[in-house]
Amino acid sequence: MRSIGFLGVGLMGAPMVSRLLDAGFDLTLWNRTAGKAEHFADRVRIAGSAADAVADADVVITMLENGEVVDQVLYRSGAIRQLKQGALVIDMSSIEPGRAREHGVVVAKQGGSYLDAPVSGGTRGAEAGSLSIMAGGEDDAFARAMPVFQAMGRATSIGPVGSGQLAKLANQAIVGITIGAVSEALLLAAKGGARPEKVREALLGGFAGSKILEQHGERMLQRNFQPGAPSRIQLKDLRMILDEARTEGLSLPLSQRVFEEYRALLASGHGEVDHSGLLLELERLNGVRLDNAAVTDKDS
């Protein structure tokens, strides 16, 4: 289990590759934009195609943008036919639970094992090797994957194939809704004349404390919206949440409302800002910025 074919060297994939290399794994990389893999050229083999990356790998990891891309790169392209007997496919992308189940069936027919194992923690967690990894699949496949997972973070076995993606949807519902709540709370406090940075500091010590308030609240205050996770990806995840809810006959009004806010954010041209940039949509809606919300009309 030392040879890994890694497909997708983007914002999240690149630091994950670094952690795996530091742990001593042998990696073959492939990326749709080939130049993104060149940073590792002196430490890995760079494959000319996805099929080339899959061939002879003990473990195949995909970290791609969405389910449609995973489908195209690994399955519809025929690359999965290069999977060797007994190999383990770990999809760490965030995709639809139903699609993960379909992929699991295909991998089993090829003689391999499959885990859907999306992650949470953003680029900071990927760089620190502290990702939360939510895995769906058979217990023996999870056990085989543990050395790989341990190089990148902390893994939890959630249940059968597709369960990891369901856990990720739950995660993204909480993340998206909480980013919206933090945006509104800080703007409300600032508009009333409180110092928003001190409000955040106080709230971190109480029940409202969270990683979202800690990390994304700081981003909002510093107006640092360089993407750790782009808003377009958060919108994609919220769309999957609502699609899954409809399939299960559920109504999720908070997720629906935050989905609409992210959709408006993207319509304003902010698809590539960090998902904490939802604050920008709230500012647009109210005609006021967080960093000067307490300035009165007379003062301005």
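Whatever comes next refers back to the structure up there.
Just so it is clear, the structure is predicted and the values come from calculations on it, not from any experiment.

J.: Looking at this model, I keep getting lost on helix H7 (residues 163-191). Mind explaining?
T.: Because each turn of an α-helix spans 3.6 residues, side chains separated by three or four positions in sequence point in the same direction. Its 29 residues place the ends of H7 42 Å apart at the C-alpha level, agreeing with the 42 Å of an ideal helix rising 1.5 Å per residue. Residue glycine 193 follows H7 closely and has a positive phi angle near 110 degrees.

J.: Would you mind showing me how to read the nonpolar core here?
T.: Across soluble globular proteins, you tend to see nonpolar side chains buried next to one another. Of all hydrophobic cores here, the largest spans 35 residues; its most connected members are Phe6, Leu20, Leu27, Ile61, Ile90, Met92 and Phe149. Going through the elements one at a time, strand S1 (3-7), helix H1 (13-22), strand S2 (26-30), strand S4 (59-62), strand S5 (88-91), strand S8 (131-136) and helix H6 (139-150) are the ones with two or more residues in this core. When residues of this core are assigned to their parent elements, the largest contribution, five residues, is made by H6. Methionine 92 has contacts with Met16, Ile61, Thr62, Met63, Ala117, Pro118, Val119, Ile133, Phe149 and Met152, leaving out every residue within four places of it along the chain.

J.: Whenever I open this one, the pairing of S8 confuses me. Can you help?
T.: Remark: a regular strand shows side chains that alternate across the two faces of the sheet. A large share of S8 lies buried, amounting to five of its six residues. In this sheet, S8 lies alongside strand S7 (residues 119-120) in antiparallel orientation, the contact comprising two bridges. Bridging from a neighbouring strand, valine 119 pairs with isoleucine 133 of S8. Pairing between S8 and strand S9 (residues 153-159): six bridges, direction parallel. Opposite methionine 134, over in S9, you have threonine 156 as the bridge partner. Tracing the backbone out of S8, into H6 and back to the parallel element S9 gives a crossover that is right-handed.

J.: What should I look at first to understand the side chain of histidine 216 in this one?
T.: With respect to the helices and strands, histidine 216 occurs in helix H9 (residues 211-222). In terms of polar contacts, histidine 216 uses its side chain to reach the side chain of histidine 275, at 3.2 Å. Apart from the residues lying within four places of it in its own chain, the contact partners of histidine 216 are Ile179, Lys211, Asp274, His275 and Ser276.

J.: I'm lost on the pattern of salt bridges in this one. Help?
T.: Oppositely charged side chains may form a pair once their charged atoms are brought near each other. Under the defined criterion, the tally for this structure stands at 20 salt bridges. Among the ionic pairs, arginine 257 bridges to glutamate 261, the shortest N-O distance being 3.4 Å. Residue arginine 257 and its partner glutamate 261 are located together in helix H11 (residues 253-267), separated by four residues, close to a single helical turn. What makes arginine 257 partly exposed here is its relative accessible area of 45%.

J.: Help me understand the side chain of aspartate 58 in this model?
T.: Tracing the chain through its elements places aspartate 58 in the loop between helix H2 (50-54) and S4. Aspartate 58 gets classed as buried once you look at its relative accessible area, which sits at 19%. Separated by 2.8 Å, the side chains of aspartate 58 and lysine 84 make a polar contact.

J.: Would you mind showing me how to read the pairing of S5 here?
T.: Residue alternation in S5 divides its side chains into two sets, Leu88 and Ile90 and Val89 and Asp91, and both sets are buried. Sheet topology places S4 next to S5; four bridges connect them, and they run parallel. Paired with isoleucine 61 across the bridge in S5 is isoleucine 90. Traced from S4 through helix H3 (residues 67-76) to S5, the parallel crossover comes out right-handed. By the bridge criterion, four bridges tie S5 to strand S6 (residues 113-116) in an arrangement that is parallel.

Cut-offs applied
- Residues numbered from 1 in each chain as written.
- Predicted model: local features only at pLDDT ≥ 70, side-chain atom pairs only at ≥ 80, totals over all residues.
- Heavy atoms only, no water.
- Helix = DSSP H or I, 4+ residues; strand = E, 2+ residues; numbered from the N terminus.
- Expected span 1.5 Å × (residues − 1).
- Core = buried A, V, L, I, M, F, W, Y, C linked by side-chain atoms within 4.5 Å.
- Buried < 20%, exposed > 50% of the residue type's maximum accessible area, 1.4 Å probe, protein only.
- Contact = heavy atoms within 4.5 Å.
- Pairing = 2+ DSSP bridges.
- Right-handed = clockwise from strand over helix to strand, strands pointing away.
- Polar contact = N/O pair within 3.5 Å; in protein donor to acceptor, adjacent residues only side chain to side chain.
- Salt bridge = Lys/Arg side-chain N within 4 Å of Asp/Glu carboxyl O.

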